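Coordinate analysis (summary)
If you want the building blocks of each chain, they are given just below.
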Amino acid sequence: MSPNTVDPVEVLNEEECWNILLGATLGRLALSIANEPEIYPINFVAHDGKILLRTNPGEKLFALTINDNVALETDGVGSQSVWSVVVKGKARQLDSGAEIEAAERIPRQQLTSIKKSVFVEIVPTSVTGRRIHRGREDVELTPSDLY
């Protein structure tokens, strides 16, 4: 889609969001710990309509067992636009041998040297995204533009 000079924000459809997710590896996982929001940087892989990540036992994994509602956000900057995709869904630890074996066969990019022992799968309940086309900032905002 070409940039719109009146409204540079383009709402992405679900297919466009998944295309971005399939090429992304770094994101932020938002969850609630003791009724307080927390955000963790994670690397992930989008596969078969789901999000898969690895972690270790600790606060993040414990929080997911208490409240499985999570959000994952990934974004990027290009020469002509910036984009952001948000996945909301239910997280669960993979626990069967067959699920873990299948998850281990999915190619993914490891970003740290720390071995992660637990697979977590996010089953999306919604996938949304926006692309903002870059341009000159030549218009001054008025109070009505903010609301």
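Here, the structure is the one placed above.
Read on for an overview of the structure. Since the model is a prediction, treat every value here as computed from it, not as a measurement.

By the definition in use, this model includes 7 salt bridges. A salt bridge links glutamate 73 to arginine 28, with the nearest nitrogen and oxygen atoms 2.4 Å apart. You can see glutamate 73 sitting in strand β5 (residues 69–77) and its partner arginine 28 sitting in strand β2 (residues 26–33), a full 45 residues away along the chain. Glutamate 99 serves as the salt-bridge partner of arginine 92, at 2.3 Å between the closest nitrogen and oxygen. According to the relative accessible area criterion, arginine 92 is partly exposed, its value standing at 34%. Within the structure, one salt-bridge network assembled from shared partners comprises Lys50, Arg92, Glu99 and Glu121.

What follows deals with unusual backbone geometry. For alanine 34, which is not glycine, the phi dihedral falls at a positive 50 degrees. By the secondary structure assignment, alanine 34 is in the loop between β2 and β3 (36–47). Owing to a relative accessible area of 72%, alanine 34 belongs among the exposed residues under this scheme. One non-glycine residue, aspartate 48, lies in positive phi territory at about 55 degrees. As for its placement among the helices and strands, aspartate 48 is situated in the loop between β3 and β4 (50–55). A relative accessible area of 69% places aspartate 48 in the exposed class.

Here is what the cut-offs are and how they apply
- Residues numbered from 1 in each chain as written.
- Predicted model: local features only at pLDDT ≥ 70, side-chain atom pairs only at ≥ 80, totals over all residues.
- Heavy atoms only, no water.
- Salt bridge = Lys/Arg side-chain N within 4 Å of Asp/Glu carboxyl O.
- Helix = DSSP H or I, 4+ residues; strand = E, 2+ residues; numbered from the N terminus.
- Buried < 20%, exposed > 50% of the residue type's maximum accessible area, 1.4 Å probe, protein only.

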